[in-house]
Amino acid sequence: MQICNISNILVERLLEKNSNIEGEFSWEAPSNIALVKYWGKYGDQLPKNPSLSFTLNRSKTLTQVKYVLHKNHVNHETDFSFQFEGAQSDSFKQKLINYLKKITPLCPMVSFLKLSISSQNTFPHSAGIASSASSMAAMALTICSIEKELFPDQFESDEYFFAKASYLARLGSGSACRSVYGGAVSWGVKSNEYASELVSFDNIFKTYQNAILVVSTDKKSVTSRQGHALMEEHFYKEARFKQAKHNYSALVRTMEKGDLESFIQIVEIEALSLHAMMMTSEPSFLLLTPQSLHIINRIRAFRERFGANVCFTIDAGPNIHLLYPKRQKDQIVSFIKDELLQYCENGMWIDDEVGSGPKLQMGKR
Ligand code: PMV
């Protein structure tokens with residue numbers, strides 16, 4: 001599917017007929033957790049390897065946007081209002097201004113939009129969960145809703161709407177392109193430019209549980225931008241991209257079959273491969289802490305002892321995501337409380353699960 005820009009000429013034509021158009025949209029978009037990791041990119045946030053994620057259900061960003069389409073160009077540096085969780089946040093504001101600048105050539109309408117944005121997360125700000133995926137997805141969906149409201153003929157279908165939102169979210173943060181869909185989502189297979197839903201997988205994964213064990217809320221010592229860049233000269237890069245491609249295909253097959261044993265094996269190898277890349281890059285980064293390793297060892301011992309289908313995945317940080325089928329919830333929650341919370345910062349954990357994707361809260365799509 002080709003993603004098309006709505007040209008400056010169409011925007012100017014609309015502005016000739018109406019000098020002020022106002023509206024309001026509000027989208028809630030979830031975060032996602034990668035099972036096959038995107039690590040290494042080229043061009044403008046294009047992935048070097050396929051990735052696959054679960055969309056979360058409770059870890060979300062809600063973004064409300066009021067807009068006025070103005071007949072003159074708007075300078076977002078000076079004429080832009082943004083609130084995060086009810087307060088001013090200069091760093092988030094600047095990120096959004098940069099994002100608007102970046103997407104303006106693709107969405108010329110943006111340079112005529114006076115925007116007043118307020119945003120909040122459902123998860124604690126310091127919980128070490130990347131909010132860039134949920135916040136960029138919510139922002140991209142809102143921009144697409146405004147475009148669709150003003151230029152309905154340019155959106156041929158819902159499928160196109162979400163592909164465009166995924167494309168725009170990707171430009172804000174690569175993994176954000178997967179947060180535009182629910183369930184299990186792949187990127188870098190059908191297209192490198194936008195993600196798509198994985199359609200065929202066993203029902204057990206539709207309600208899969210994700211417990212996020214917050215080992216540390218400290219700021220990460222390496223940003224994902226630096227991490228992706230480290231892959232450019234990495235000694236193992238070709239092998240890693242090949243491994244991720246292989247693991248992607250193998251994981252999709254095991255998810256179709258509902259084969260939990262292979263699922264566990266692939267997901268854990270992926271998480272540890274991501275960290276192996278960081279440990280062996282130049283410079284090297286060691287993001288796992290002794291607490292992370294204790295948790296990993298406890299999970300493996302628990303699996304041995306009770307045959308439970310619990311496994312872990314890890315993002316580019318020390319926090320551990322437990323993944324397990326819903327039918328084992330009571331057993332795993334007791335395990336978390338009895339054995340794992342001692343390794344978490346102030347006993348912090350988030351009880352999440354696979355979710356159905358973003359929701360329009362107000363306005364029309
Ligand atoms: O979307 P970025 O640029 O923040 O990179 C995300 C990288 C990982 O979270 C480590 C893996 C992934 O696929 O989400």
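Details of the structure are given in the entry above.
The text that follows walks through the structure, step by step, so that each part is easy to find. (Residues numbered from 1 in each chain as written. Predicted model: local features only at pLDDT ≥ 70, side-chain atom pairs only at ≥ 80, totals over all residues. Heavy atoms only, no water.)

## Re the environment of Ala165
So the rule is basically this: Only runs of H or I of at least four residues qualify as helices and only runs of E of at least two qualify as strands under DSSP, and these elements are numbered from the N terminus. Any two residues whose heavy atoms approach within 4.5 Å at even a single point are treated as in contact.
One can find Ala165 in helix 4 (residues 158-172). Sequence spacing of Ala165 and Pro283 is 118 residues, and the spatial spacing of their C-alpha atoms is 35 Å. Apart from residues lying up to four places away in sequence, Ala165 is in contact with Ala140, Leu141, Cys144 and Val180.

## Re the packing of helix 7 (residues 260-279) against helix 8 (residues 290-306)
Formally: Under this scheme, a helix contributes an axis fitted over its contacting stretch, all axes are lines through C-alpha atoms, and angles between N-to-C directions fall in the 0 to 180 degree range. Orientation categories follow fixed angle ranges, with anything under 35 degrees roughly parallel, anything over 145 roughly antiparallel, 65 to 115 roughly perpendicular, and all other angles oblique. Working rule for handedness: look at the near helix, and if it is turned counterclockwise from the far one by less than a right angle, call the crossing left-handed; if clockwise, right-handed. Only Asp, Glu, Lys and Arg are considered charged in this grouping, and only Ala, Val, Leu, Ile, Met, Phe, Trp, Tyr, Cys and Pro are considered nonpolar; every other residue, Gly among them, is considered polar.
Taken N-terminus to C-terminus, the directions of helix 7 and helix 8 make an angle of 170 degrees; their axes are 14 Å apart at the nearest point. Regarding the angle of helix 7 to helix 8, the classification is roughly antiparallel. As for the relative orientation of helix 7 and helix 8, their crossing is left-handed in sense. Across from Ile264, Glu268 and Leu272 in helix 7, the residues of helix 8 making contact are Ile296, Ile299, Arg300 and Arg303. Of the residues belonging to the contact of helix 7 with helix 8, the class tally is four nonpolar, no polar and three charged.

## Structural notes on helix 1 (residues 8-17)
Structural remark: α-helix, 3.6 residues per turn; residues separated by three or four positions point the same way. What counts here: Each residue gets one of three labels from its accessible area relative to the maximum for its type: buried under 20%, exposed over 50%, partly exposed in between, using a 1.4 Å probe on protein chains only. The arc in question is the one traced by the directions running from the helix axis out to the C-beta atoms.
Inspection of helix 1 places Val11, Leu14 and Leu15 among the buried residues, and these make up the whole buried set. For helix 1, the angular spread of buried residues about the axis comes to 100 degrees, placing them on one side. Exposed positions of helix 1 whose direction lies more than 90 degrees from the buried face are Ile9, Glu16 and Lys17. Packing partners of the buried residues in helix 1 comprise strand 1 (20-36), strand 4 (51-70) and helix 3 (132-150).

## Considerations on unusual backbone geometry
Residue Pro283 is bonded to the preceding Glu282 through a cis peptide linkage, with omega at 0 degrees. You can see Pro283 is positioned in the loop between helix 7 and helix 8. Even without being glycine, Gln45 reaches a positive phi, approximately 60 degrees. Within the secondary structure, Gln45 is located in the loop between strand 2 (41-42) and strand 3 (46-47). Assessed through its relative accessible area of 10%, Gln45 is described here as buried. Not every positive phi belongs to a glycine, and Asn346 is a case in point at roughly 50 degrees. Here Asn346 is to be found in the loop between helix 9 (329-340) and strand 12 (349-353).

## Let's talk about the sheet that holds strand 11 (residues 320-324)
Just so we agree on the cut-off: Strand pairing follows a simple DSSP-based rule, namely that at least 2 bridges must link the two strands.
Pairing within the open sheet is antiparallel, and its four strands lie in the order 10-11-9-12. Both outer strands of the open sheet, strand 10 (311-314) and strand 12, are each paired with one neighbouring strand and no more. Going across the sheet, the axis of each strand differs from the next one's by a mean of 25 degrees, ignoring polarity. Two elements, strand 10 and strand 11, share four bridges in a ladder whose sense is antiparallel. Considered in strand 11, the bridge of Cys311 is made with Leu323.

## Points about the layout of surface pockets
The line we're drawing: Only protein atoms enter the 1 Å grid, on which a cavity is a set of points fitting a 1.4 Å probe that cannot get out and a pocket is an open set with protein on both sides within 12 Å along at least 5 of 7 lines, lining residues being those with an atom within 4 Å of a point. Grid points are joined across faces, edges and corners, and a volume is the space filled by probe spheres set on the points.
Of the pockets and cavities examined, the second largest pocket occupies roughly 300 Å³. Glu159, Lys190, Ala195, Ser196 and Glu197 are, among the 17 residues lining the second largest pocket, the residues nearest its centre. The set of elements that each furnish at least two residues to the lining of the second largest pocket consists of helix 4 and strand 8 (195-197). Ranked by residue count, the leading element in the lining of the second largest pocket is helix 4, at four residues. Across the lining of the second largest pocket, the residue classes tally to 10 nonpolar, three polar and four charged.

## Side note on the pairing of strand 1
Of all 17 residues that make up strand 1, 13 are buried, and the element is covered over most of its length. Where strand 1 and strand 4 come together, 15 bridges link them in antiparallel fashion. Within the sheet, the bridge partner assigned to Ile33 lies in strand 4 and is Phe54. Of the strand pairs in this sheet, strand 1 and strand 13 (residues 359-362) are connected by three bridges, and their pairing is antiparallel. Pairing of Ser26 across the sheet is with Met362, part of strand 13.

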